Amino acid sequence: MSVDSLWSKIDLSVKSPPGQGVTGEVAEPAAEDRFKPWAKWKVRLLDLIGSAVWIYVIIKLFVFDIDTYLIEEFVPDLAGALDYRFLFIGGIFVLLVLFSKGRRLKYLYVTFFPLVVSFWKIPKWFYKAKSWIAVFTFLNVAATAFRYLKWNVTTRFLALLSLVGVAASGNHVILAICAAYLGLYFILLMARTIWFSIKPSHFLKSQQTLIDKVSSASFVAQITSVSAELKDSSLEKFSAAQLTTFQSNLGMAVLCSRATYYWAYQLEKYRTSAAALVLSAVAYASLYVQGVIVFSVINWALFKMDPAAFAYSDAPSFLQVAYYSLFHGAGSALSPVSSVAVAVKIATNVVAPLFITALVTQFLINRRQVEQDAAAEEAVKKIKAAGAELEKRFRQEYEISTEEAITRLQELGENFFLTAITAMSSQLPPDYDSE
């Protein structure tokens with residue numbers, strides 16, 4: 001089919017004039033009249049309440065029974081009521097939701113606060129930041145966490161159990177097992193942190209796979225192609241419905257082509273940004289903090305098993321043991337005496353220079369990766385190749401270029417797709433799609 005025979009079927013007169021069919025109808029109340037936004041102070045108060053409630057829930061489920069401790073400590077006469085707390089709390093919540101009318105949304109806001117943060121606050125922050133580098137950094141972290149979810153959950157849960165075991169138990173066997181696991185956990189954590197800091201990013205390669213799958217998906221071909229009905233040579237003019245379908249498919253086809261190039265360009269900017277260095281710095285800072293905690297708890301476990309393992313003038317507190325366990329070797333309150341305590345102290349002092357060496361090395365390697373990561377460059381090139389393939393399919397389907405299609409969309413009065421297409425195209429370097 002020639003260009004003229006396809007585009008000659010367009011008759012803009014079949015479109016309904018703006019405003020037709022609404023005369024005499026009662027206008028719907030404006031959205032702002034029906035749903036007034038909450039005041040900022042109210043949102044911040046609900047954020048504070050939601051954070052407090054969910055911190056309590058996490059502590060209750062994964063750390064220790066905080067409400068039992070508070071009741072037994074301050075109101076021991078009400079200890080029997082703890083057996084019915086969930087029934088009591090659930091009943092109060094149901095009554096509040098059912099009979100509080102306008103406040104229902106506020107209770108639901110607090111109840112589903114983690115979802116509010118995940119699906120509203122974080123996307124809203126990214127939107128306000130207007131930074132795709134921040135978006136890709138977040139996606140990179142989320143994808144890595146999900147990819148190694150089983151490992152992370154298992155090792156960290158066991159580490160948490162070990163911390164609780166050392167804090168709550170006086171049994172020497174339990175203390176030894178917990179201390180040994182924490183030492184093993186930190187060794188593995190340090191090795192993985194160093195390994196991931198020099199390993200090429202899997203995230204960028206996964207974007208290439210994602211773009212390939214989406215661009216070749218059948219539903220994408222369906223919503224971007226001209227149907228056989230519209231191509232039928234016996235059809236002289238598009239009806240209003242057919243013109244709407246054609247316009248929608250044309251807009252979606254151009255949008256997919258532009259979006260692929262736009263995605264490749266933003267990934268290229270992310271690859272050359274300092275995001276990898278920032279992530280590495282955060283990872284090493286987390287490693288340092290966890291190292292201090294692990295060695296502090298190990299030394300505390302040794303002290304509980306054998307107080308004579310250390311020399312001290314007065315019985316040290318946990319904070320003094322933590323100060324003694326710092327990587328820089330501080331600790332005048334006590335000093336190691338037993339072989340095990342000396343070995344732990346040597347390990348602590350060995351980790352410190354190793355940590356610094358790994359940090360500096362990692363920054364140097366990462367800087368080189370940021371500038372010359374061949375794997376990432378290949379991923380961006382292949383995504384651009386997918387964009388070129390979409391452009392080729394578009395020309396075969398509509399027999400015009402995407403640039404010409406944008407002009408046609410303007411003539412058709414398209415708004416939704418054209419706004420997104422123009423916004424993305426304006427941020428691409430000149431001739432980016434021809435590289």
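The structure presented is a predicted model; accordingly, all values stated were derived computationally and were not measured.

A.B. asks: Which residues make up the overall build of the protein chain, and what values go with them?
C.D. replies: Looking only at helices and strands, the protein chain has 20 helices and two strands in total. Across the protein chain, contacts joining residues at least 24 apart in sequence account for 75% of those joining residues at least 6 apart. About 26,300 Å² of surface is accessible on the protein chain, with carbon and sulfur atoms providing 67% of the total.

A.B. asks: Any chance you could break down the packing of aromatic side chains for me, citing the residues and the numbers?
C.D. replies: Scanning the entire structure with this criterion turns up 14 aromatic pairs. Ring plane angle 25° and centroid distance 5.7 Å describe the contact between Trp300 and Phe303, whose orientation is recorded as stacked. Here Trp300 pairs with Phe303, and both are found in helix H15 (residues 275-305), just three residues apart, close to one helical turn. Taken together, the ring pairs connect Trp132, Phe136, Tyr262, Trp263 and Tyr270 into an aromatic cluster. For the cation-ring pair, Arg192 lies above Tyr148, with the distance from its terminal atom to the ring centre recorded as 5.2 Å. Geometry around Tyr324 places Lys345 over its ring, the cationic atom sitting 4.2 Å from the centre.

A.B. asks: Tell me about the environment of Leu184, and name the residues and values.
C.D. replies: Position of Leu184 relative to the elements: it lies in helix H10 (residues 172-198). Considered as a pair, Leu184 and Ala159 are 25 residues apart in the sequence and their alpha carbons are 9.8 Å apart.

A.B. asks: Break down the pattern of salt bridges for me, citing the residues and quoting the values.
C.D. replies: This structure, assessed with the given rule, holds one salt bridge. Residue Asp47 is joined to Lys121 by a salt bridge in which the shortest nitrogen-to-oxygen separation is 3.1 Å. One end of the pair, Asp47, is in helix H3 (residues 40-62); the other, Lys121, is in helix H7 (residues 113-129), with 74 residues separating them in the sequence. For Asp47, a relative accessible area of 16% puts it in the buried group.

A.B. asks: How would you summarise the nonpolar core if you had to cite specific residues and measurements?
C.D. replies: Ranked by size, the top nonpolar core spans 29 residues in total, and within it Val166, Phe186 and Phe310 carry the most contacts. Sorting the residues of this core by element identifies helix H9 (149-168), H10, H15, helix H16 (318-324) and helix H17 (339-372) as the ones contributing at least two each. Excluding anything up to four places from it in sequence, Val166 contacts Leu175, Cys178, Val297, Trp300, Ala301 and Lys304. Formed by 27 residues, the second largest nonpolar core is a distinct cluster that contains Ile10, Leu230, Tyr261 and Leu418.

A.B. asks: Which residues make up H10, and what are the values?
C.D. replies: With 27 residues, H10 should cover 39 Å at 1.5 Å per step; its first-to-last C-alpha distance of 40 Å lies within 8% of that length. The complete set of buried residues in H10 reads Leu175, Cys178, Ala179, Tyr181, Leu182, Tyr185, Phe186, Leu189, Met190, Thr193 and Ser197. A distance of 2.9 Å separates the backbone nitrogen of Val173 from a side-chain oxygen at the start of H10, and that oxygen is part of Asn171.

A.B. asks: Got a sec to walk through the side chain of Gln266? Specific residues and values, please.
C.D. replies: As for its position among the elements, Gln266 is in helix H14 (residues 240-271). If sequence neighbours within four positions are ignored, Gln266 has contacts with Trp132, Phe136 and Gln427.

A.B. asks: So, the environment of Ser13: which residues are in play, and what are the values?
C.D. replies: Here Ser13 is to be found in the loop between helix H1 (3-7) and helix H2 (31-34). Sequence-wise, Ser13 and Ser239 are 226 residues apart; in three dimensions their C-alpha atoms are separated by 9.8 Å.

A.B. asks: Hey, could you go over the packing of H14 against helix H20 (residues 416-427) for me, with residue numbers and the actual values?
C.D. replies: In contact at an axis separation of 9 Å, H14 and H20 are set at 25° when each is read in the N-to-C sense. The orientation of H14 with respect to H20, classified from their angle, is roughly parallel. Helix-helix and strand crossings are classified by hand; for H14 and H20 the assignment is left-handed. Between H14, through Ser248, Gly251, Met252, Val254, Leu255, Arg258, Ala259, Tyr262, Tyr265 and Gln266, and H20, the contact on the second element is made entirely by Phe417, Ala420, Ile421, Met424, Ser425 and Gln427. Of the residues belonging to the contact of H14 with H20, the class tally is ten nonpolar, five polar and one charged.

A.B. asks: Describe the environment of Gln266, and please don't skip the residues or the numbers.
C.D. replies: Given the relative accessible area of 4%, Gln266 is considered buried. Note: C-alpha distance between Gln266 and Leu428 (162 residues apart in sequence) is 9.1 Å.

Parameters and conventions
Residues numbered from 1 in each chain as written. Predicted model: local features only at pLDDT ≥ 70, side-chain atom pairs only at ≥ 80, totals over all residues. Heavy atoms only, no water. Helix = DSSP H or I, 4+ residues; strand = E, 2+ residues; numbered from the N terminus. Contact = heavy atoms within 4.5 Å. Areas by Shrake-Rupley, 256 points an atom, 1.4 Å probe, with all protein chains shown as cover. Phe/Tyr/Trp six-rings, centres within 6.5 Å; stacked < 30°, edge-to-face > 60°. Lys NZ or Arg CZ within 6 Å of the ring centre and 35° of its normal. Salt bridge = Lys/Arg side-chain N within 4 Å of Asp/Glu carboxyl O. Buried < 20%, exposed > 50% of the residue type's maximum accessible area, 1.4 Å probe, protein only. Core = buried A, V, L, I, M, F, W, Y, C linked by side-chain atoms within 4.5 Å. Expected span 1.5 Å × (residues − 1). Polar contact = N/O pair within 3.5 Å; in protein donor to acceptor, adjacent residues only side chain to side chain. Axes fitted to C-alpha atoms, helices over the stretch in contact; angles between N-to-C directions. Parallel < 35°, antiparallel > 145°, perpendicular 65-115°, else oblique. Left-handed = near helix turned anticlockwise from the far one by under 90°. Nonpolar A, V, L, I, M, F, W, Y, C, P; charged D, E, K, R; others polar.

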